[in-house]
Amino acid sequence: MKILLVGNGAREHALARSLHLDPAVTELHAANGNPGIGRLATLHTVDQNDGASVAALAANVKADLVIVGPEAPLVAGVADAVREIGIPVFGPSGAAAMLEGSKAFAKEVMEAAQVPTAAPRVCRDAASLAAALAEFGAPYVVKDDGLAAGKGVVVTTDLTEATTHGAAILDAGGTVVIEEFLDGPEVSLFCICDGRTVKPLQPAQDFKRAYDGDAGLNTGGMGAYTPLPWAPDGLVDEVVRTVAQPTVDEMGRRGTPFVGVLYCGLALTSRGVRVVEFNARFGDPETQSVLSRLETPLAGVLLAAAEGRLHELPDLEWSDDASVTVVLASHGYPESARSGDVITGIDEAEAVDGAHVLHAGTAFNDAGEVVSAGGRVLSVVGRGTTLAAAREVAYEALGRIGLEGSHHRSDIALAASEGRTPTGAIPGGAA
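What counts and how
- Residues numbered from 1 in each chain as written.
- Predicted model: local features only at pLDDT ≥ 70, side-chain atom pairs only at ≥ 80, totals over all residues.
- Heavy atoms only, no water.
- Buried < 20%, exposed > 50% of the residue type's maximum accessible area, 1.4 Å probe, protein only.
- Helix = DSSP H or I, 4+ residues; strand = E, 2+ residues; numbered from the N terminus.
- Pairing = 2+ DSSP bridges.
- Polar contact = N/O pair within 3.5 Å; in protein donor to acceptor, adjacent residues only side chain to side chain.
- Phe/Tyr/Trp six-rings, centres within 6.5 Å; stacked < 30°, edge-to-face > 60°.
- Contact = heavy atoms within 4.5 Å.
- Axes fitted to C-alpha atoms, helices over the stretch in contact; angles between N-to-C directions.
- Salt bridge = Lys/Arg side-chain N within 4 Å of Asp/Glu carboxyl O.

1. Describing the pairing of strand S23 (residues 376-384)
- Within S23, seven of the nine residues are buried, leaving the element largely enclosed by the surrounding structure.
- Where strand S18 (residues 322-329) lies against S23, eight bridges are found, and the strand directions are antiparallel. Bridging from a neighbouring strand, Val 326 pairs with Val 380 of S23.
- By the bridge criterion, five bridges tie strand S20 (residues 355-359) to S23 in an arrangement that is antiparallel. When the bridges of S23 are listed, His 356 appears paired with Val 381.

Pasting the structure below:
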């Protein structure tokens, strides 16, 4: 099978790694990729948000399957352009991707499908913003309706901060969604969908805030782990039954079948499971840990989804190991991100038994050295028989990597590894 993978982050590197390990994959191409993906795939330069360009590349490499990783190309309709030339594609249409592209649209779909979620108010002016904040009260959950690269949400008890964030979105021509605050820890569950059938992956938890103890600003994600020993029995089945399947059914009724990953961002509240947000693709950094435990070859699953054949497949098989992912961020992230710093020790990190390193914000400099080229630079993944063992592997590997001015959280999966139910995840989601 020849596959074209679209994207250039650690999520795509995790996908590339799983596909590279799949004996059914004979050729792997990536657009645009990164230095880590380039060790596994043939890289191509293309505007990944331009459907015609991606479709032309897919035809040129004679791809049997195209996998679209990031949200921006999906919302831009790249999957539609590939489908139009008859190549199977794993990723929702532009219309279906609006489950992520517009939080207001997602809330409308959830209401129609009777999916439990936080009550929303959609605000398009300062008066409605002020009224919604007053109605819900603190803690305030203020979201940018559109894509915001993981930084569109503010959860705060400070009315001034909430108002300022909402006003900035309005001033930029956007729409604000105010939601009731959901108590309880967050869970991410990815569901593979073919427009009718839903196959869940394993649940994970990520860490959005920049620093230990959930201090600092929201980020795209500073780490993740799976499994969740504190999660209630039957959680996955419940989410498929009450959230994922009704949403897929509703999208089908609307004539916009959802094919791809339905990312269910959930809060386990005192009143039961509630949806914090939907995304239309694999989540980063949860994917890095989830895929490291997947034993079923990935390519066949994604092709079956693209071709509407998920019902033919057995349940997915998983390793009993735990997996912990720790993100190494560049100097200044998330307020800013310094680029061009040389990264050392990646090979030494991967020499740690049970560890592998996934590239995100990396590039080559003129001397051929790998350097930082973004905010979240690397994802270091550790596997072990327990969460404590996986943490030890991940942090030992991370300790071998050098990047001037970098920072990372030291508490990824700490509470869960000590048998505690984590309370640090701040409901509000990645936006």
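2. Quick notes on the environment of Ala 131
- Tracing the sequence through the fold places Ala 131 in helix H7 (residues 126-136).
- On a C-alpha basis, the gap between Ala 131 and Gly 265 in space is 26 Å, while along the polypeptide they are 134 residues apart.

3. With respect to the environment of Leu 74
- Relative to the assigned elements, Leu 74 resides in helix H3 (residues 71-75).
- The spacing of Leu 74 and Glu 396 is 322 residues in sequence and 36 Å in space, taken between C-alpha atoms.

4. With respect to the side chain of Ser 319
- By the element assignment, Ser 319 lies in the loop between helix H11 (298-306) and S18.
- Engagement of the side chain of Ser 319 in a polar contact is seen with the side chain of Arg 383, the distance being 3.1 Å.

5. Brief notes about the packing of aromatic side chains
- By the definition in use, this model includes four aromatic pairs.
- Ring geometry for Phe 90 and Phe 282: centres 6.2 Å apart, planes at 35°, overall tilted. Taken together, the positions of Phe 90 in strand S5 (residues 89-90) and Phe 282 in the loop between strand S17 (272-279) and helix H10 (286-293) put the pair 192 residues apart, joining distant regions of the chain. In this pair, the class of Phe 90 matches that of Phe 282, namely buried.
- Note on Phe 190 and Tyr 263: the rings are 5.2 Å apart at their centroids and 45° apart in plane angle, and the pair reads as tilted. One end of the pair, Phe 190, is in strand S10 (residues 186-194); the other, Tyr 263, is in strand S16 (residues 259-269), and 73 residues separate them in sequence.
- A relative accessible area of 1% places Phe 190 in the buried class.
- Since its relative accessible area comes to 3%, Tyr 263 is described here as buried.
- Three or more aromatic residues joined by ring pairs form one cluster here, namely Phe 90, Phe 190, Tyr 263 and Phe 282.

6. Structural notes on the sheet that holds strand S1 (residues 2-7)
- Spatially, S3-S2-S1-S4-S5 is the arrangement adopted by the five strands of the open sheet, whose pairing is parallel. Strands at the two margins of the open sheet, each flanked by one partner only, are strand S3 (42-44) and S5.
- Note: strand S4 (residues 65-68) against S5, two bridges, orientation parallel. By the bridge assignment for S5, Val 66 is matched with Val 89.
- Along the sheet, H11 makes contact with S1, S4 and S5, crossing S4 at roughly 95°.

7. Regarding the sheet that holds S17
- Ordered in space as S11-S10-S16-S17, the four strands form an open sheet in which the pairing is antiparallel. One side of each edge strand has no neighbouring strand; the edge strands of this open sheet are strand S11 (198-200) and S17. Geometrically, the sheet is characterised by an average inter-axis angle of 35° between neighbouring strands, direction not taken into account.
- Against the sheet, helix H9 (residues 235-253) makes contact with S10, S11, S16 and S17, and its axis sits at roughly 125° relative to S16, the strand it touches most.

8. Overview of the pattern of salt bridges
- All chains considered together, the criterion is met by 24 salt bridges.
- Two residues, Arg 281 and Glu 71, come together in a salt bridge whose shortest N-O distance is 3.4 Å. Residue Arg 281 is found in the loop between S17 and H10, and its partner Glu 71 is found in helix H3; the two are separated by 210 residues along the sequence.
- A relative accessible area of 8% means that Arg 281 is categorised as buried.
- Among the charged side chains, a salt-bridge network with shared partners connects Arg 11, Glu 12, Glu 71, Glu 100 and Arg 281.

9. Overview of unusual backbone geometry
- Along the chain, Ala 31 connects to Asn 32 via a cis peptide bond; the corresponding omega equals 0°.
- A cis amide bond links Asp 284 to the next residue, Pro 285, at an omega of 20°.
- Note on placement: Pro 285 falls in the loop between S17 and H10.
- The phi dihedral of Asp 214 falls on the positive side, at around 60°, and the residue is not glycine.
- For Asp 214, a relative accessible area of 17% puts it in the buried group.
- Positive phi is not limited to glycine here, since Ala 413 has a value of about 65°.
- You can see Ala 413 is positioned in the loop between strand S24 (402-403) and helix H14 (414-417).
- Overall, Ala 413 belongs to the buried group, its relative accessible area being 2%.

10. Points about the pairing of S17
- Across the eight residues of S17, seven count as buried, placing the element largely inside the fold.
- Here seven bridges tie S16 to S17, and the two strands are oriented antiparallel to one another. Each bridged residue has a counterpart across the sheet, and for Tyr 263 the counterpart in S17 is Asn 279.
- Counted between consecutive antiparallel strands, the loop separating S16 from S17 contains two residues.

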